[in-house]
Amino acid sequence: MAGKKYLFTPGPTPVPPQVLAAQAAPIVHHRSPDFRPIYESCLTRLREVCRTERDVLLYTASGTGAFESAVANLVSPGEPHLVVSAGNFGERWATMTAGYGADVDHLRYEWGETPDPEDVRARLGEREAKAVWIVHSETSTGVVSDIQAIAAVAKEAGALTVVDAVSSLGAVRCETDAWGLDVVVSGSQKALMTPPGLGLCAVSEAALAATGTSPRFYFDWERTRKAQAKLDAAFTPSVSLVAGLDVALGLLLEEGLEAVLDRHIRLGRACRAGAKAMGLELFSPDEDRSAVVTAIRAPEGVSSDDVVKGLRDRFGMTIANGQGSLKGTIFRLGHIGWFDVFDITAQLGAVELLLTDLGADIERGVAVTAALEAYEHAPVADTGTA
Ligand SMILES: *Cc1c(COP(=O)(O)O)cnc(C)c1O
């Protein structure tokens, strides 16, 4: 069908029509009574979704911009910091913190490995750090790390914990207050079902008290915190995106955060079950926590470039290739945000058709059947403690 397009990447993600409609409303002035109730509602709902009582600072920026706010506020030149990386985004934060002059201890895993809290404990035992920087869902590999355990280890060592929850917030359990996460960073265009353009940062009292000497202005936490407290934004916010995000957060809360997390667990299971039924090898872990994106190895003799291009050219479907050295090797099927099981079966059915045409020996229909079957079952036990 000409023009029909499907967006199946783990960010940006499809945006529900109610959110698009809210964004199409006439522009209101950000210092007027037309905007303040929207701003207030959005900031309140953000606290609920972040599971925090503290301030969630909202920036007109992508997720990387919000992350840079954490770096600009917390890193002073020469200070020791521990960055844990196991993929593209972790490596970005190692580069960024070093760029601000931090003395970076880089606990670096191979892409696809899962960070081990005991390794973090050992590194902090060897060398103190002001903060531990960790990615919750490493979108480049599909690995979701145990940030609860890592934050506990950091706290024991007297370090702050800064979490990149850009692709996990709203998809995987992230208990900001209960787990003692000092800074949680996210963005609008992943599980929060809103177009790209807003970055957010939940910040603890301890983090606010630990700000350093790096130059900053737009991203100065205190400036935004004070302004938000009066519902009088420090700078002109993207009022349309805030209106859209408010509606999207309302949809999440209406479904119920627990139900949303359950749905993502089942979507992840469905996706993995479908891939395995086709005889494909998973690159991401086969575990419930891996609920953001499923990374799959392209079969012997097939480049993932051809899978990505084939889905785009033949079916109008956009999926993600591998990043960095994994490009050509893995392809990634997203399942965060405004996704139901038919978004999973559409991807799997298309992959099955494409690979069969490329000569793979796959029994037709197995992927969709396995996915629907796996989606049926409610999650047995929740992986969180709160
Ligand atoms: C998407 C993503 C980012 C980057 O966000 P931008 O909005 O593109 O700046 C950072 N970390 C993770 C884990 C992501 O998935």
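What counts as what
- Residues numbered from 1 in each chain as written.
- Predicted model: local features only at pLDDT ≥ 70, side-chain atom pairs only at ≥ 80, totals over all residues.
- Heavy atoms only, no water.
- Pairing = 2+ DSSP bridges.
- Helix = DSSP H or I, 4+ residues; strand = E, 2+ residues; numbered from the N terminus.
- Expected span 1.5 Å × (residues − 1).
- Buried < 20%, exposed > 50% of the residue type's maximum accessible area, 1.4 Å probe, protein only.
- Near = heavy atom within 4 Å.
- Polar contact = N/O pair within 3.5 Å; in protein donor to acceptor, adjacent residues only side chain to side chain.
- Areas by Shrake-Rupley, 256 points an atom, 1.4 Å probe, with all protein chains shown as cover.
- Nonpolar A, V, L, I, M, F, W, Y, C, P; charged D, E, K, R; others polar.
- Axes fitted to C-alpha atoms, helices over the stretch in contact; angles between N-to-C directions.
- Parallel < 35°, antiparallel > 145°, perpendicular 65-115°, else oblique.
- Left-handed = near helix turned anticlockwise from the far one by under 90°.
- Contact = heavy atoms within 4.5 Å.
- Disulfide = S-S within 2.5 Å.
- Arc of directions from axis to C-beta.

### Quick look at the sheet that holds strand 13 (residues 320–321)
Sheets are built from strands that pair by backbone hydrogen bonding, the pairs being arranged parallel or antiparallel.
Now for step 1: Pairing within the open sheet is antiparallel, and its 3 strands lie in the order 11-14-13. The open sheet has two edge strands with one neighbour each: strand 11 (293–297) and strand 13.

### What to know about helix 10 (residues 257–277)
Every α-helix winds through 3.6 residues per turn, so residues three or four apart in the chain are directed the same way.
Now for step 1: Over its 21 residues, helix 10 extends 30 Å from the first C-alpha to the last, a length consistent with the 30 Å expected when each residue adds 1.5 Å.
Now for step 2: By the criterion of burial, helix 10 is predominantly enclosed, with 15 of the 21 residues buried.
Now for step 3: Two residues or fewer after helix 10 comes glycine 279, characterised by a positive phi angle close to 80 degrees.

### Brief notes about the site of the ligand
Now for step 1: Close to the ligand lie 13 residues; Ser62, Thr64, Thr139, Asp164 and Lys190 are nearest.
Now for step 2: Separating an oxygen atom of the ligand from a side-chain N or O atom of lysine 190 is a distance of 2.7 Å.
Now for step 3: In the complex, the protein chains occlude 89% of the 380 Å² of accessible area that the ligand would expose alone.
Now for step 4: Looking at the shell around the ligand, the elements that each hand over two or more residues are helix 3 (63–74) and helix 4 (88–99).
Now for step 5: Partitioning the shell around the ligand into residue classes produces 3 nonpolar, 7 polar and 3 charged.

### Here we look at the packing of helix 5 (residues 117–126) against helix 6 (residues 147–156)
Axis angle and axis distance: for two packed helices, these are the angle between their axes and the distance between the axes, and together they describe the pair.
Now for step 1: At a minimum axis separation of 9 Å, helix 5 and helix 6 run at an interaxial angle of 15 degrees. The angle between the axes of helix 5 and helix 6 places the two elements in the roughly parallel class. Our pair here, helix 5 against helix 6, has a crossing hand that is right-handed. Contacts between helix 5 and helix 6 involve Pro117, Val120, Arg121 and Leu124 from the first element and Ala149, Ile150, Val153, Ala154 and Glu156 from the second.
Now for step 2: Taken together, the residues of the contact of helix 5 with helix 6 break down into 7 nonpolar, no polar and 2 charged.

### What to know about the state of the cysteines
Now for step 1: Counted under the stated rule, the structure contains 0 disulfides.
Now for step 2: Looking at cysteine 50, it has no disulfide partner, and the nearest cysteine sulfur is the one in cysteine 174, 7.2 Å off.
Now for step 3: A relative accessible area of 0% places cysteine 50 in the buried class.

### Quick look at the sheet that holds strand 5 (residues 131–135)
Now for step 1: The 7 strands lie next to each other as 2-10-9-8-5-3-4, forming an open sheet whose pairing is mixed. Of all the strands in the sheet, just strand 2 (56–60) and strand 4 (103–108) have a single pairing partner and so form its edges. Within the sheet, the average angular offset between the axes of one strand and its neighbour, ignoring direction, is 20 degrees.
Now for step 2: Across the sheet, helix 4 lies against strand 3 (80–85), strand 4, strand 5 and strand 8 (160–164), angled at about 160 degrees from strand 3, the strand it touches most.
Now for step 3: Docked against the sheet, helix 5 engages strand 3, strand 4 and strand 5, running at close to 150 degrees with respect to strand 4.

### Observations concerning helix 2 (residues 36–50)
Now for step 1: Here helix 2 spans 21 Å end to end across 15 residues, near enough to the 21 Å set by a 1.5 Å rise per residue.
Now for step 2: All of the buried residues along helix 2 are Tyr39, Cys42, Leu43, Leu46, Val49 and Cys50. In an axial view of helix 2, the angular spread of the buried residues amounts to 125 degrees, which keeps them on one side of the axis.
Now for step 3: On its buried face, helix 2 is in contact with strand 2, strand 10 (198–203), helix 8 (221–229), helix 9 (239–255) and helix 10.
Now for step 4: Downstream of helix 2 by one or two residues, arginine 51 has phi in the positive range, about 55 degrees.

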